[in-house]
Amino acid sequence: MEYIVETKNLTKRFGKEQAVSGLEMKIPKGEIYGFLGPNGAGKTTTIRMLLGLMRPTSGSVHIFQKDLRKERIRILNKVGSLVENPSYYPHLTAGENLEALRKIIGVPKTRIKEVLKIVRLEDVANKKVKGFSMGMKQRLGIAASLLNNPELLILDEPTNGLDPSGIIEIRQLIQRLPHDYGMTVIISSHLLSEIDQMATTVGVVSKGKMIFQDSIEEMRKFAKQKVVLKVSDSESAWRALLARGMRADWDEKNITLLNQSDENVATAVKYLVKDGFSIYRVEEEKKSLEDVFLQMTKEERLV
Amino acid sequence: MLPIMSSEWYKLSKSRILWILLVGPMVGLFIGLTANFDNLGGGPNEWYVKLLSMNLTYALLFLPLITGVLASVVCRYEHQEGGWKQLLAMPLTRGKVFISKYILLIALVMVMQLLYLGSIYLVGVIDGIPEPFPLNIVWKSIFGGWVATLPLVALQLWMSILFKSFAAPFAVNVIFTLPTILVVNSERFGPYYPWAQPFSMMYIGGNTEDIFFVPWDQLLIVVGGSFLLFFAGGYLYFQRKAV
């Protein structure tokens, strides 16, 4: 398979601390790759190494099947990026900020208007960026990353600091990109829900190690929600459910249903009522990212 | 390289800091107009008297200090809001960025020197100095002062890239510039102190047979040597800097 981004044994050490260790990232063309991990897991460090902003301690980075060390400029010609907080020159207006970058990459001036339009900042093109809200700065950063018509777009926490409507806007924008412009996109985030709504492929890092890398469908299996029942005399209630052919787990206090479809939950409740148990609570227990990580790291050890 | 330089100039030209280029020449003008050495009596050429007093403050203090401020400015907007990471993630090499910023700086110093030349001329016109303008000497002073700042610009650029704060590189500059006042009086250390070179090379009282009023070997060893050291230091540091 041809990968747009492929890292081999990518490692970065800061003194004794191992920020990224042995990372093997594989990103197929046209995917939205969700790069997921808690803060401090090494996401930004990895992205900095992908862009050549930081040298790896060891390992290699190939983008567009080319070695980043040898063909950095040719690679970066086709890469757009937004690393951590949006970068901008505070003394310049939005349009001037893009113009300063445009002079370097040499695309036609009309491209500035185009990208401002894509992120819907055309009305404030002549305003100083200093006075922009966080969301506007973030959108300007995305506009800057689109300036060179990239084939690979790397966005580090693109929805950080945005309000809900801003998040939805950015999300819709990102989802459009592979289809409309044939781009491959990497988005990093520490929020599972964020990645869940945008990504088609997911890579999960924890403590600098890649602990999961597969399609979003595979990922969803890990993050399935649970329906928990609190009932009187839970052990016999659980046995009663099993006796009626329902699949359920029991953990001393609560019953957990393995099939969480609406019908299944309704049936389980009906049976329990019929059998004379008191039902105190029927709750949906959402799995946090931490739980998913725990599950993943557990299975990692088993493999 | 040209696209990077044009981008650098674009960013700097919008910053309105360029007025600072006028400070040195204005101070020179002021000193030239107020200096009064009539009591020396029968001085050689009035231009010499003016030049000596103007150069003293300008070359000793304002030229090296403002050079440092300019270096800080061209790095300040990169430090402020993540400019470095955006700039260096573009398809360019760090070496070209460093050289572009350096060339821009020395061009600005040249502009400042030419403005100072204008100040000298203006002083003569306003005071009605009868002798002709001694251009054959003054150009050496102007150009020599520029050459002498080349290593200082390189060091200041290095320091400005190294320190995020505006004050730190300025402090380094002041620490090295202030002792010049003492050093230029020393025959032993004066010729070897890089920060004393702008003054020595603009000092028209020096040996006029030497080009730029200092011996060739001093020019090559002190100015050339410190230039190589500071430029290579800054260049290599920037190559390895993690942003």
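Refer to the structure printed above.
Anyway, here's the lowdown on the structure attached to this text. As the structure is a prediction and not an experimental result, all values here were calculated from the model.

Moving on to the pattern of salt bridges. Summed over all chains, the structure comprises 22 salt bridges over all chains. Measuring nitrogen to oxygen at the nearest pair gives 3.6 Å for the salt bridge that ties A:Arg139 to A:Glu169. Taken together, the residues span a long stretch of sequence, with A:Arg139 in helix α5 (residues 134–146) and A:Glu169 in helix α6 (residues 164–181) at a distance of 30 residues. Since its relative accessible area comes to 19%, A:Arg139 is described here as buried. A relative accessible area of 24% places A:Glu169 in the partly exposed class. Across the pair B:Lys50 and B:Asp127 runs a salt bridge whose closest N-O atoms are separated by 2.6 Å. With B:Lys50 in helix α3 (residues 46–80) and B:Asp127 in helix α5 (residues 94–127), this pair connects stretches of sequence that are 77 residues apart.

Inspection of every chain in the model, using the stated rule, returns 20 aromatic pairs over all chains. Ring centres of A:Tyr33 and A:Phe35 lie 6.3 Å apart, and the angle between their planes is 40°; on these two criteria the pair is classed as tilted. The class for A:Tyr33 is buried, based on a relative accessible area of 0%. With 6.2 Å between their ring centres and 45° between their planes, B:Trp139 and B:Phe143 make a pair best called tilted. Linking B:Trp139 with B:Phe143, this pair stays in helix α6 (residues 135–162), spanning four residues, or about one helical turn. In this structure B:Trp139 comes out as partly exposed when scored by relative accessible area, which is 41%. Among the residues examined, B:Phe143 registers a relative accessible area of 30% and is labelled partly exposed.

Think of an α-helix as turning once every 3.6 residues; residues three or four places apart then point the same way. Residues and elements named next belong to chain B. Taking 1.5 Å of rise per residue, 25 residues should cover 36 Å, and helix α10 (residues 216–240) covers 35 Å from first to last C-alpha, within 8% of that figure. All buried positions along α10 are accounted for by Gln 218, Leu 219, Val 222, Val 223, Ser 226, Phe 230, Phe 231, Gly 233, Gly 234 and Phe 238. Buried-residue contacts for α10 involve α4 (83–88), α5, α6 and α9 (197–202).

A few words on the sheet that holds strand β14 (residues 255–257) of chain A. All names here are of chain A. Reading across the sheet, the four strands line up as β13-β14-β12-β15 and stay open at both edges, with antiparallel pairing between neighbours. At either margin of the open sheet sits one strand with a lone partner, and together these are β13 (248–250) and β15 (279–285). On average, each strand axis in the sheet is inclined to that of its neighbour by 25°, with strand direction left out of account. By the bridge criterion, three bridges tie β13 to β14 in an arrangement that is antiparallel. Within the sheet, the bridge partner assigned to Ala 248 lies in β14 and is Leu 257.

Right, let's talk about the packing of α3(B) against α5(B) for a bit. All names here are of chain B. Relative to each other, α3 and α5 sit at 150°, their axes nearing to 10 Å. Classified by the angle their axes make, α3 and α5 are roughly antiparallel. The crossing of α3 and α5 is right-handed. Taken together, the residues that form the contact of α3 with α5 break down as 19 nonpolar, five polar and four charged.

With that settled, the discussion passes to the interface of chain B and chain A. Counting from both sides, the interface comprises 30 residues of chain B and, opposite them, 30 residues of chain A. Sorting the residues of chain B by area buried against chain A places B:Lys85, B:Gln86 and B:Pro91 first, and these three jointly supply 24% of that buried surface. Between the two partners, chain B and chain A, sit one salt bridge. Here A:Glu96 and B:Lys14 are joined by a salt bridge, their closest N and O atoms 3.2 Å apart. Connecting chain B to chain A are 15 residue pairs in polar contact (both at pLDDT 80 or more). Every element with two or more residues in the side of chain B that touches chain A is listed here: α1 (2–13), α3, α4 and α10 of chain B. Counting residues per element, the side of chain B that touches chain A draws most heavily on α1(B), at six residues. Of the residues in the side of chain B that touches chain A, the class split is 12 nonpolar, nine polar and nine charged.

Attention now moves to the packing of helix α3 (residues 94–105) of chain A against helix α4 (residues 110–118) of chain A. Residues and elements named next belong to chain A. With their axes 10 Å apart at the nearest point, α3 and α4 run at an angle of 130° to one another. Overall, the two elements α3 and α4 adopt an arrangement that is oblique. Helix-helix and strand crossings are classified by hand; for α3 and α4 the assignment is right-handed. In this structure, α3 uses Gly 95, Leu 98, Glu 99 and Arg 102 to contact α4, whose residues at the interface are Ile 112, Val 115 and Leu 116. Across the contact of α3 with α4, the residue classes tally to four nonpolar, one polar and two charged.

Residues and elements named next belong to chain A. The strand order β7-β8-β9-β4-β10-β11 describes an open sheet built from six strands, whose pairing is mixed. Strand pairing shows two members of the sheet lacking a second neighbour, β7 (79–82) and β11 (209–215), which therefore form its edges. Put simply, the sheet's adjacent strands are angled 15° from each other on average, direction ignored. Sheet contacts for α5: β7 and β8 (152–156); angle to β7, the most-contacted strand, approximately 165°. Set on the sheet, α6 makes contact with β4 (32–36), β8 and β9 (184–189); between it and β9 the angle comes to about 155°.

Structurally, A:Ile279 can be placed in strand β15. Residues A:Ile279 and A:Val269, 10 residues apart in the sequence, show an inter-C-alpha distance of 7.9 Å.

Here the focus is the pairing of strand β10 (residues 201–206) of chain A. Residue and element names in this part refer to chain A. By the criterion of burial, β10 is predominantly enclosed, with six of the six residues buried. Every second residue of β10 is oriented toward a common face, with Thr 201, Gly 203 and Val 205 on one face and Val 202, Val 204 and Ser 206 on the other, all of them buried. Of the strand pairs in this sheet, β4 and β10 are connected by four bridges, and their pairing is parallel. Note on β10: the bridge partner recorded for Tyr 33 is Thr 201. The pairing of β10 with β11 spans six bridges and is classified as antiparallel. Looking across to β11, one finds that Ser 206 is bridged to Lys 209. Connecting the antiparallel pair β10 and β11 is a turn made up of two residues, with Lys 207 showing a positive phi of about 50°.

Residues and elements named next belong to chain A. Taken together, the buried positions of helix α9 (residues 234–243) are occupied by Ser 234, Ala 237, Trp 238, Ala 240 and Leu 241. Looking straight down α9, one finds that the buried residues subtend no more than 160° of arc, so they occupy a single side. Buried residues along α9 sit against β12 (226–231), β13, β14 and α10 (262–274). Looking one or two residues past α9, Gly 245 carries a phi angle of roughly 85°, positive in sign.

Each value, and the rule that gives it
Residues numbered from 1 in each chain as written. Chains lettered and ligands numbered in written order. Predicted model: local features only at pLDDT ≥ 70, side-chain atom pairs only at ≥ 80, totals over all residues. Heavy atoms only, no water. Salt bridge = Lys/Arg side-chain N within 4 Å of Asp/Glu carboxyl O. Helix = DSSP H or I, 4+ residues; strand = E, 2+ residues; numbered from the N terminus. Buried < 20%, exposed > 50% of the residue type's maximum accessible area, 1.4 Å probe, protein only. Phe/Tyr/Trp six-rings, centres within 6.5 Å; stacked < 30°, edge-to-face > 60°. Expected span 1.5 Å × (residues − 1). Contact = heavy atoms within 4.5 Å. Pairing = 2+ DSSP bridges. Axes fitted to C-alpha atoms, helices over the stretch in contact; angles between N-to-C directions. Parallel < 35°, antiparallel > 145°, perpendicular 65-115°, else oblique. Left-handed = near helix turned anticlockwise from the far one by under 90°. Nonpolar A, V, L, I, M, F, W, Y, C, P; charged D, E, K, R; others polar. Buried area = accessible area lost by both parts, 1.4 Å probe. Polar contact = N/O pair within 3.5 Å; in protein donor to acceptor, adjacent residues only side chain to side chain. Arc of directions from axis to C-beta.

Geometry only, nothing functional implied.
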